[in-house]
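Each chain is listed here by its residues.
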Amino acid sequence: MIVSKFGGTSVGTFEAMQRSASIAASDPDRKLIVISATSGTTNDLVALSADDLSSTKREELLGNIEERHMDIIKQCKEREKLEKSFQEQLSELRDHLDFSGRDKKWKDTLYAFGELMSTKIFVEVLKENGVDAQWLDAREVMKTDSTFGNAEPIWDSIQQQAEVHIKRGQAYLTQGFIGSDVFGNTTTLGRGGSDFSASLFAEAVDADTLEIWTDVAGVYTTDPRIVEEAFPIKEISFDEAAELSVFGGKVLHPATLKPAIRGGVNVRVASSSDPDNPGTYIVKETDEKPVIRAISLRKEQTLLTVNSLEMLHQYGFLAHLFKVLAEHKISVDLVSTSEVSVALTLDTAVNAANKVDLTDDVLEELGRFAEVQVEEDLALIALIGNDLQKTSGIGGPLLTSMEDYNVRLVCHGASPNNLCFLVNQDEAEEIVRMLHGKFIKG
């Protein structure tokens, strides 16, 4: 059984939907198809959630959503049926916008309209291409807690509901990104959560393979928009891919691989516009294990340095520090310590999957027992590969090649699959280009 997930650009136009439907129809084992909202729709829905939205801007955004979907519907065989269904959804969207309480729960219901609209159309496009897919409301299966905006999946409930709602042999089309809590309220898994949804579905139905169909031909050695010489990787291990996604790889949502690894599901990343290209296979063990496989970049990083003489030869300081961070739900990436200080990197990027908000309340609480310094406009670069902590001859050439740049922090040895360092953001892309040319061969 294959679970196939198609991203927003893969269903963003009628032509894109036709290509994706053709891919789905080409293999009868593709029994569960998960799709995102049409490209641009989620951004419009997020803009509609603004508190200070003018009526003119509201109509403009609603017009964008209507035009985008009607352009597709007009080219479908079941045009009248789809137009009626879509206009009903659009009316529901307008009604929802009139509700006064704009909390996170309200926003999750709003953002879910994108996937619900796209799947109602795509299920008919699939049928036009010979795939007798049944429309499935993901909220019936994807059970989560009530953390609106970034809900946590409840695995036991998902597995139970999958057994009830997903029958072997039947093809299904469902939504990524959305779920529901125990009270039936709509929840979302956070931006980029469609990949995560697909991986959870793949684990729940015991799939052999999870396909992530996107607009690029696989996982690249680095961002090809930064380095022209970057090339797709044919095969990468789960461990490497996990590190790559966490440290800034754009193709996969950071949480995607967890369910796949847990369920022993192989993952394939490929381009819906070039389906004959094999893309990248993510497997437990690879045949080739280069020391450096890829380079990732994550911008908009913050360095938090906490300094206190109380640390000197004392126990409990780090426990106290991380207790404060945990209470404020602040996730830490890299950690470097000395006798009297701790330096922590935080992902403060606007579109980060787990964006950190370093509020005045956090800084004030930390300031009660230590001196606190905050440095912004930094970038995190990670070299991803194999046995980096055991391989001689990496550290020397790396640091030598960095002699013209200021390296603010280095983290090496915690993982055999990555070596990370923090640099000034305005120099980051130049550094990535230099390192790719030096350490990665085509």
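Above this note sits the structure.
Structural notes, computed from the coordinates. Being a predicted model, the structure only gives us computed values, none of them experimental.

**Details of the overall build of the protein**
And then number 1: Across its full length, the protein carries 14 helices and 16 strands.
And then number 2: Radius of gyration (C-alpha) of the protein: 23 Å, near the 22 Å computed for a compact globule of 442 residues.
And then number 3: For the protein, the spread of C-alpha atoms along the principal axes amounts to about 70 × 50 × 40 Å.
And then number 4: Residues counted as buried form 51% of the 442 residues belonging to the protein.
And then number 5: Once local pairs closer than 6 in sequence are excluded, the contacts in the protein between residues at least 24 apart make up 76%.
And then number 6: With the model as given, the accessible surface of the protein reaches about 20,300 Å², and the carbon-plus-sulfur share is 46%.
And then number 7: Measuring between centres, the 44 positive side-chain charges of the protein sit 4 Å from its 71 negative side-chain charges.

**Some points on the side chain of glutamate 124**
And then number 1: Mapped onto the elements, glutamate 124 comes out in helix H6 (residues 113-128).
And then number 2: Among the residues examined, glutamate 124 registers a relative accessible area of 7% and is labelled buried.
And then number 3: Here the side chain of glutamate 124 touches lysine 81 through a polar contact of 2.9 Å, side chain to side chain.
And then number 4: What glutamate 124 contacts, discounting residues up to four positions off in sequence, is Glu78, Lys81 and Leu82.

**Concerning the layout of surface pockets**
And then number 1: Its volume calculated, the second largest pocket comes out at about 360 Å³.
And then number 2: Around the second largest pocket sit 17 residues that line it, and Phe231, Ile233, Glu288, Pro290 and Arg293 are the ones nearest its centre.

**Some details on empty space enclosed by the protein**
And then number 1: In the structure shown here, the tally under the stated rule is one cavity of 30 Å³ or more.
And then number 2: Computed from the structure, the largest cavity encloses a volume of approximately 30 Å³.
And then number 3: Surrounding the largest cavity, Leu398, Leu399, Met402, Val407, Val410, Leu419 and Phe421 form its lining.
And then number 4: Listing elements by their share of the lining of the largest cavity, those giving two or more residues are helix H13 (395-401), strand E15 (407-412) and strand E16 (418-424).

**Side note on the sheet that holds strand E12 (residues 335-337)**
And then number 1: Reading across the sheet, the six strands line up as E12-E13-E11-E14-E16-E15 and stay open at both edges, with antiparallel pairing between neighbours. Only two strands of the sheet have a single neighbouring strand rather than two, namely E12 and E15. The mean angle between the axes of side-by-side strands here comes to 25°, regardless of whether they run parallel or antiparallel.
And then number 2: Across the sheet, helix H12 (residues 360-367) lies against strand E11 (292-307) and strand E14 (371-385), angled at about 105° from E14, the strand it touches most.

So, how was this worked out
Residues take numbers from 1 onward in each chain, read along the sequence in its written order. Residues qualify for local features only when their pLDDT is at least 70, as the model is predicted, and side-chain atom pairs are given and counted only at 80 or more; totals for whole chains, interfaces and linings, by contrast, use all residues. Just so you know, side-chain values use all the structure's heavy atoms and leave hydrogens and water out. Here a helix means four or more residues in a row that DSSP labels H or I, a strand means two or more in a row labelled E, and each is numbered from the N terminus. We take the radius of gyration over the C-alpha atoms and set the globule estimate at 2.2 Å times the residue count to the 0.38 power. Using a 1.4 Å probe on the protein chains alone, a residue whose accessible area is under 20% of its type maximum counts as buried, one over 50% counts as exposed, and one in between counts as partly exposed. It only takes one pair of heavy atoms within 4.5 Å for two residues to be counted as in contact. Computed with the Shrake-Rupley method and a 1.4 Å probe, the accessible areas treat only the protein chains shown as cover for residues. For the charge count, each Lys or Arg is scored as positive and each Asp or Glu as negative, with His and the chain ends excluded. To locate a charge, take atom NZ for lysine, CZ for arginine, CG for aspartate or CD for glutamate. Residues adjacent in sequence count toward polar contacts only when both atoms are side-chain atoms; beyond that, a polar contact is any pair of N or O atoms within 3.5 Å, and within protein one must be able to donate a hydrogen and the other to accept it. Cavities and pockets are found on a 1 Å grid laid over the protein atoms alone: a cavity is a set of points where a 1.4 Å probe fits but cannot escape, a pocket is an open set with protein on both sides within 12 Å along at least five of seven lines, and a lining residue has an atom within 4 Å of such a point. Grid points are joined across faces, edges and corners, and a volume is the space filled by probe spheres set on the points. Whether two strands pair depends on DSSP finding at least two bridges between them. To get an axis, a line is fitted to the C-alpha atoms, and for a helix only the part in contact is used. The angle between two axes follows their N-to-C directions and goes from 0 to 180 degrees.

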